[in-house]
Amino acid sequence: MKKIHNFSAGPAILPSQAIQNSIEALKNFEGTGLSLIEVSHRGKEFVEVMNNARKLPLEILGLGSDYESIFLQGGASLQFCMIPFNFLNSKASYLKTGVWASNAIKEAGLLGSTQVVASSEDKNFSYIPKNYKINEDSDYFHCTSNNTIYGTQMHSFPECKIPMFCDMSSDIFSRKIDASKFDLIYAGAQKNMGPAGTTLVILKKSILEKITRKIPSMLDYRVHLSKESMYNTPSVFAVYCSLQVLKWIKDKGIEKIESDNRTKQQILYNEIDNNEFFEGTAMVEDRSWMNVTFVLKNEKHTEKFMQLCKEANIVGIKGHRSVGGFRASLYNALEIESVNALVEVMRNFKP
Ligand SMILES: *Cc1c(COP(=O)(O)O)cnc(C)c1O
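Draft legend 1. Spatial organisation of the nonpolar core. Grouped together as the largest cluster of nonpolar side chains are 51 residues, with contacts concentrated most on F46, F141 and F173. Beyond its immediate stretch of four places on either side in the chain, F141 contacts S93, Y94, L95, V117, Y132, I134, P158, C160, I162, P163, M164 and F165.

See the structure below:
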């Protein structure tokens, strides 16, 4: 099979080992002679999968026993609504840095009052606002660590006296962070952690005391936690495959993952900045390491460049419709070799 360089934004590239293990489990799960998707989620084999899948994120992020994690369904988008359902009692503060943050604000607005502490909408979300003030009388502050569509990323997080929540869907486990700054972290699996169909939520246990509203069971974090992420049937395949990715991350080590990610983005941004035909779309200091957005200075050449990429087995680099141009996603599983392949096409590009 020829090597395909997969720059898709999500669902996205996964470590081949994780996919191989998942194929095996689909055929014969833990020696049961049955497929992973045809056995009870309450059997001991799957319970162990779930337990390990819940443990590893905390280990990788260096979080202690004051945190717990659960695997839910409904995507990161359901978290936009679940968070305010559980924690918005009077007012919530949001950092508005893109489409996903805007969706989160919209959902919260249905349940209470929202305050946008800062927004980068004035420049098509091409930067991360800085020096904003977070209201201390808000129930929580919500931010998006990486803006998958616009190619910007928070390279530092604010000091925050109220609970801080973060949508890390597209850069979780991509770099070393101080995760203990956050009271809640969530991520749809399909960007950097696994297949679509499950969402990881990490919570500081003490935050649960703040819940006052009556909440439908499926939307209540306390219910999912008390049932160890098995209140209802979990997305067994997505959790299994995510566990394989988590093991790969742990074996590789977050330091090595971060240093490879640093190298990958350096190679690509360097080419964008030095190539006369291309330019980046995000403000340099806020550029994302995960989603690199760029355009051809002359749009006319787009089709030709896309064709050359195709010939070089490069897929998934078409930009999101709201930004245009190109977006190369450099998630953890993407190898440096693939970035080099893209850079070579750019370097040889003659319109
Ligand atoms: C993709 C993405 C989402 C939406 O995720 P779903 O799982 O499709 O709901 C939310 N936030 C960010 C930052 C994303 O990249």
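Draft legend 2. Representation of the site of the ligand in the model. Around the ligand sit 13 residues in total, of which S77, T148, D167, Q190 and K191 are the nearest. The separation between a nitrogen atom of the ligand and a polar side-chain atom of D167 is 2.6 Å. In this structure, an oxygen atom belonging to the ligand sits 2.9 Å away from a side-chain N or O atom of Q190. Protein chains bury 87% of the 380 Å² of accessible surface belonging to the ligand in isolation. Residues of the shell around the ligand, tallied by class, amount to three nonpolar, eight polar and two charged.

Draft legend 3. A look at the pairing of strand 9 (residues 184-188). By the criterion of burial, strand 9 is predominantly enclosed, with five of the five residues buried. With burial as the criterion, each face of strand 9 is covered, one bearing L184, Y186 and G188 and the other bearing I185 and A187. As judged from the three bridges shared by strand 8 (residues 164-167) and strand 9, these two strands associate in the parallel manner. Residue pairing in the sheet places D167 in a bridge with Y186 of strand 9.

Draft legend 4. The arrangement of empty space enclosed by the protein in detail. In this structure the tally under the stated criterion is one cavity of 30 Å³ or more. In this structure, the largest cavity encloses a volume near 40 Å³. Along its surface, the largest cavity is lined by L61, M168, D171, I172, F173, S174, R175 and I177. For the lining of the largest cavity, a count of residues per class yields five nonpolar, one polar and two charged.

Draft legend 5. Fine view of the environment of L95. You can see L95 is positioned in strand 3 (residues 91-96). Taking C-alpha positions, L95 is 21 Å from K191, a pair spaced 96 residues apart along the chain. Discounting chain neighbours no more than four positions away, the residues touching L95 are A101, V117, A118, P129, Y132, F141, H142, C143 and M154.

Draft legend 6. Quick peek at helix 9 (residues 336-347). With 12 residues, helix 9 extends 16 Å between its outermost C-alpha atoms, agreeing within 8% with the 16 Å of an ideal straight helix rising 1.5 Å per residue. Listed as buried for helix 9 are S338, V339, A341, L342, V343, V345 and M346.

Draft legend 7. Region of interest: the sheet that holds strand 4 (residues 113-119). Pairing is mixed in the open sheet, where seven strands are placed in the order 2-10-9-8-5-3-4. Edge positions in the open sheet fall to strand 2 (67-72) and strand 4, since each of these has one partner strand only. The average undirected angle you get between the axes of adjacent strands in this sheet is 20 degrees. Those strands touched by helix 2 (residues 44-61) are strand 2, strand 9 and strand 10 (199-204), and its axis lies near 130 degrees from that of strand 2. Lying on the sheet, helix 3 (residues 75-87) is in contact with strand 2, strand 3, strand 5 (141-144), strand 8, strand 9 and strand 10; it crosses strand 9 at an angle near 155 degrees.

Draft legend 8. Molecular detail of the packing of aromatic side chains. Applying the stated criterion to the full structure yields 16 aromatic pairs. When the centroid spacing of 4.9 Å and the interplanar angle of 85 degrees are considered together, the rings of F157 and F182 count as edge-to-face. Of the two residues, F157 is situated in the loop between strand 7 (152-153) and strand 8 and F182 in the loop between strand 8 and strand 9; the sequence distance between them amounts to 25 residues. For the pair formed by F157 and F182, the shared burial category is buried. Ring-pair connections join several aromatic residues into one group, and the members of that group are F277, F278, F294, F305, F326 and F349.

Draft legend 9. Spatial organisation of the pairing of strand 12 (residues 291-296). In terms of residue burial, strand 12 counts as a mostly covered element, since six of its six residues are buried. Neither face of strand 12 is exposed, since N291, T293 and V295 on one face and V292, F294 and L296 on the opposite face are all buried. As paired strands, strand 11 (residues 278-280) and strand 12 are joined by three bridges and run antiparallel to one another. Among the inter-strand pairings, G280 is bridged to a residue of strand 12, identified as F294.

Draft legend 10. Structural view of the domain arrangement of the chain. By domain assignment, the chain separates into domain 1 (16-252) and domain 2 (253-348). Inter-centroid distance (C-alpha atoms) of domain 1 to domain 2 is 26 Å. Opposite the 28 residues of domain 1 that make contact, domain 2 presents 27 residues. Each partner contributes to the roughly 2300 Å² buried at the junction of domain 1 and domain 2, and carbon and sulfur atoms together form 51% of this total. Looking at the side of domain 1 facing domain 2, the largest losses of area belong to I149, K176 and K252, adding up to 24% of the total buried there. For the interface between domain 1 and domain 2, the tally reads four salt bridges. The shortest N-O distance in the salt bridge between K176 and E255 comes to 3.2 Å. In this assembly, domain 1 and domain 2 are joined by 20 residue pairs in polar contact (both at pLDDT 80 or more). At the level of elements, strand 7 and helix 6 (236-252) are the ones that each hand at least two residues to the side of domain 1 that touches domain 2. Take the side of domain 1 that touches domain 2: its biggest share by element is five residues, from helix 6.

Parameters at a glance
- Residues numbered from 1 in each chain as written.
- Predicted model: local features only at pLDDT ≥ 70, side-chain atom pairs only at ≥ 80, totals over all residues.
- Heavy atoms only, no water.
- Core = buried A, V, L, I, M, F, W, Y, C linked by side-chain atoms within 4.5 Å.
- Buried < 20%, exposed > 50% of the residue type's maximum accessible area, 1.4 Å probe, protein only.
- Contact = heavy atoms within 4.5 Å.
- Near = heavy atom within 4 Å.
- Polar contact = N/O pair within 3.5 Å; in protein donor to acceptor, adjacent residues only side chain to side chain.
- Areas by Shrake-Rupley, 256 points an atom, 1.4 Å probe, with all protein chains shown as cover.
- Nonpolar A, V, L, I, M, F, W, Y, C, P; charged D, E, K, R; others polar.
- Helix = DSSP H or I, 4+ residues; strand = E, 2+ residues; numbered from the N terminus.
- Pairing = 2+ DSSP bridges.
- 1 Å grid on protein atoms, 1.4 Å probe; cavity = no way out; pocket = protein on both sides within 12 Å on 5 of 7 lines; lining within 4 Å.
- Points joined across faces, edges and corners; volume = space filled by probe spheres on them.
- Expected span 1.5 Å × (residues − 1).
- Axes fitted to C-alpha atoms, helices over the stretch in contact; angles between N-to-C directions.
- Phe/Tyr/Trp six-rings, centres within 6.5 Å; stacked < 30°, edge-to-face > 60°.
- Domains from an automatic or database assignment.
- Buried area = accessible area lost by both parts, 1.4 Å probe.
- Salt bridge = Lys/Arg side-chain N within 4 Å of Asp/Glu carboxyl O.

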